[in-house]
Amino acid sequence: MDTHTKNEADLENALLDNRKQLVVGKKVGNLAFVSGLSYCLASCTMILVNKYVLSSYNFNAGVSLMVYQNFIAVIVVSFLSFLGVVTLEPLTWKLIKVWLPVNFIFVGMLFTSMYSLKYMNVAMVTVLKNATNVITAFGELYLFNKHHDSRVWVSLVLMIVSAIAGGFTDLQFTAIGYAWQMVNCFLTASYSLTLRRIMDTAKQVTKSGELNEITMVMLNNSLSIPLGIILMFLFGEAEYVSQTPLLRSPTFLMVMTVSGLLGLAISFTSMWFLHQTGATTYSLIGSLNKIPLSVAGIVLFDVPTTVDNLLSIFFGLIAGVLFARAKMR
C-alpha cells in the first residue's frame, strides 16, 4: 500500500470514528432529554393528582392514600423482580432493623405532605418546601461541619423572605396547613441528612455488600404499610375509610391507583434521569420544574390569588433555582 492510499484509509477511518461519536453523543443527549422530561411529568402529575384526590374529591384520609400508594409500589416492584426486570436484595431482618429509623422519617414525610397538600394550594406548598433547603443547610453545618459559600446563604435568605411574603399574601391561608408543611420540611431535611449514613450501614448487612435504588424503594414502601395502618387508626381514618362511599366509585379507585403508579414512576424516572445526567443537572431541573407545577396548580384548581402573592411565589421559585446553581459551584 503506497503512502497516498494509506493516508486516504486513515482519513476514512477518522471520518467514520467522528460519525460514530456524533451518533453516540446525539443518542445520549436524546436519552437525557427523554429521562428529564419523564421525571418532570411524573413529578408534576403526582402532586396534582394527590391534590385532586384530597381536595376535589374531599377525601379526608391522607394516610390511607399513602398506604394505598405504598401497596401499589410493592406489588409492581415485586412483579418486576419476579420477571427478572429489576434486582432486589433479600429483605433480611438485619437489613430491616437497620432501615427502620429512616423509614419512620420517610412515613412522617409522606403523610405530612398529604395533610399540607389538602389544606394548601400547590403553589404555596411548592414555595414553602424551600424551607427544607434551609434546614438541610444548617443540618449539614452542625452535623457534618459542611460550609457553604455566600451565594448559597443569600439564596436561602431569599427563600425565607419569599415564604413569609407568600404567607402574608395567601388568600387561602390556613394555620393548620402551614403547620403541617413546616413539619414536612423538617422531616424531609431529616430524611436527606440521615439517609446517607443509614445507606452506608445497610450495605454492610446485605449479601452483595451493595444497596441499589430499587431495593431502597422496596424497603421504604413495604415497611411504610404497617406503620401507615397504625397511623390510620391513630388519626381516625380507619373508620372513615370503612364508611366513605368514595371507595365504591370505580373512577375514584382508578385515580388513586394512578397516583400510586405515578409515585413509583417518580422513583424510576428520577434514577434514570440521574444516571443519564448527574446530580447538578438533576438538582437544577428539579428546581425549574417547580415553576410549571405552581402555574398548573393555580390554574387547574382555580386558586384565588393576588399580584402580591403571585410575585412572592415567583420570587421563591427563582430563589430555588439560584440555590441549585449556587450549590453547583
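Attention here is on the structure that accompanies the text. Chains are numbered independently. Their residues run from 1 in the order of the written sequence. A pLDDT threshold of at least 70 governs which residues receive local features in this predicted model, and a stricter bar of 80 or more applies before side-chain atom pairs are shown or counted, although totals over entire chains, interfaces and linings include all residues. For the side-chain quantities, the full set of heavy atoms in the structure was used; hydrogens and water were omitted.

Centre distance within 6.5 Å is the pairing criterion for rings of Phe, Tyr and Trp, where only the six-membered ring of Trp is used; planes under 30 degrees apart are then read as stacked, over 60 as edge-to-face, and the remainder as tilted. Tallying each qualifying case throughout the model produces 13 aromatic pairs. Here Phe59 and Tyr240 contribute two aromatic rings whose centre-to-centre distance is 5.9 Å and whose plane-to-plane angle is 55 degrees, an arrangement assigned as tilted. With a gap of 181 residues between them, Phe59 in the loop between α1 (3-56) and α2 (62-83) and Tyr240 in helix α9 (residues 237-243) connect regions that are remote in the sequence. The class for Phe59 is buried, based on a relative accessible area of 1%. Here the term buried applies to any residue with accessible area under 20% of the maximum for its type, exposed to any over 50%, and partly exposed to those in between, with areas from a 1.4 Å probe on protein chains only. You can call Tyr240 partly exposed: its relative accessible area is 24%. A ring pair is formed by Trp180 and Phe235, whose centres lie 6.4 Å apart and whose planes are at 45 degrees; its orientation type is tilted. Highlighted residues: Trp180 in helix α7 (residues 175-203) and Phe235 in the loop between α8 (213-234) and α9, separated in sequence by 55 residues. By the criteria applied, helices consist of DSSP H or I runs no shorter than four residues and strands consist of E runs no shorter than two, each listed in order from the N terminus.

By the element assignment, Asn50 lies in helix α1. With a relative accessible area of 6%, Asn50 lands in the buried category. Along the primary structure Asn50 and Gly62 are separated by twelve residues, whereas in three dimensions their C-alpha atoms are 9.0 Å apart. Contact definition: two residues touch when any of their heavy atoms are within 4.5 Å. In this view, Asn50 contacts Leu65, Gln69, Met114, Leu117 and Ser259; residues no more than four positions away in its chain are not counted.

Further remarks concern the nonpolar core. By size, the foremost hydrophobic cluster in this structure holds 52 residues, and its most contacted members are Val53, Phe59, Val63, Leu65, Met66, Phe111 and Ile313. Of the residues forming this core, the biggest block, eight residues, is contributed by α2. Apart from the residues within four sequence positions on either side, Val63 is in contact with Phe111, Tyr115, Gly228, Leu231, Met232 and Glu237. Tyr191, Ile198, Ala202 and Met216 belong to the second-largest nonpolar core, a separate cluster that totals 18 residues. What makes a nonpolar core is a set of buried Ala, Val, Leu, Ile, Met, Phe, Trp, Tyr and Cys residues whose side-chain atoms join them at distances within 4.5 Å.

A few words now on the environment of Glu237. With respect to the helices, strands and loops of the structure, Glu237 is situated in helix α9. Under the relative-accessibility criterion, Glu237 is labelled buried at 1%. The spacing of Glu237 and Val63 is 174 residues in sequence and 7.6 Å in space, taken between C-alpha atoms. Residues in contact with Glu237, not counting those within four places in the same chain, are Asn60, Ala61, Gly62, Val63, Ser64, Tyr115 and Met232. Throughout this description, a polar contact denotes any pair of N or O atoms lying within 3.5 Å of each other; where both atoms belong to protein, one of them has to be capable of donating a hydrogen while the other can accept it, and for residues adjacent in sequence the pair is counted only when both atoms sit in side chains. A polar contact of 3.2 Å, which involves the side chain of Glu237, links it to the backbone nitrogen of Gly62.

Right, let's talk about the pattern of salt bridges for a bit. Think of it this way: side chains of opposite charge can pair up when their charged atoms draw near. Throughout this description, the term salt bridge denotes a Lys or Arg side-chain nitrogen within 4 Å of a carboxyl oxygen of Asp or Glu. Per the stated rule, a full pass over the model turns up one salt bridge. Its salt-bridge partner being Asp149, residue Arg151 comes within 3.0 Å of it at the nearest N-O pair. A residue is classified by how much of its surface remains accessible, and Arg151, at 44% relative accessible area, is partly exposed.

It is worth spelling out the side chain of Asn103 at this point. Here Asn103 lies in helix α3 (residues 93-119). A polar side-chain atom of Asn103 sits 3.0 Å from the main-chain carbonyl oxygen of Asn220. Once residues within four sequence positions are removed from consideration, Asn103 is found in contact with Leu219, Asn220, Leu223, Ser224 and Leu227.

Looking now at the packing of helix α5 (residues 131-144) against helix α6 (residues 150-169). When two helices pack together, you describe them by how their axes are tilted relative to each other and by the distance separating the axes. Orientation is described by lines fitted to C-alpha atoms, with helices fitted over the stretch in contact, and by angles between N-to-C directions that extend from 0 to 180 degrees. Two elements in contact, α5 and α6, have axes whose closest approach is 9 Å; the angle formed by their N-to-C orientations is 140 degrees. Looking at the two axes, α5 sits oblique to α6. Touching Asn133, Val134, Ala137, Phe138 and Leu141 of α5 are Trp153, Leu156, Met159 and Ile160, all from α6. Here the residues of the contact of α5 with α6 sort into eight nonpolar, one polar and no charged. Angles below 35 degrees are treated as roughly parallel, those above 145 as roughly antiparallel, those between 65 and 115 as roughly perpendicular, and all remaining angles as oblique. Each residue receives one of three labels: charged for Asp, Glu, Lys and Arg, nonpolar for Ala, Val, Leu, Ile, Met, Phe, Trp, Tyr, Cys and Pro, and polar for the others, Gly being one of them.

What follows covers a nonpolar patch on the surface. Patch members must show over 30% relative accessible area and no salt bridge, and they are joined within 9 Å when carrying like charges or within 5 Å when they are nonpolar side chains of Val, Leu, Ile, Met, Phe, Trp or Tyr. Working definition of accessibility: Shrake-Rupley area with a 1.4 Å probe, residue cover restricted to the visible protein chains. Residues Leu31, Phe33, Val34, Leu37, Leu41 and Trp272 make up a contiguous nonpolar surface patch of roughly 540 Å² in combined accessible area. Of all the elements, α1 adds the most residues to the nonpolar patch, at five residues. Along the chain, the position of Val34 falls in helix α1. By relative accessible area, Val34 is classed as partly exposed at 38%.

As a further point, take unusual backbone geometry. The residue Asn58 is not glycine, and still its phi comes out positive at about 55 degrees. Inspection of the secondary structure assignment puts Asn58 in the loop between α1 and α2. Given a relative accessible area of 44%, Asn58 falls into the partly exposed group. Although it is not a glycine, Asp302 adopts a positive phi angle of roughly 50 degrees. Turning to its location among the elements, Asp302 is positioned in the loop between α12 (290-300) and α13 (307-328). Residue Asp302 is classed as exposed on the basis of its relative accessible area of 65%.

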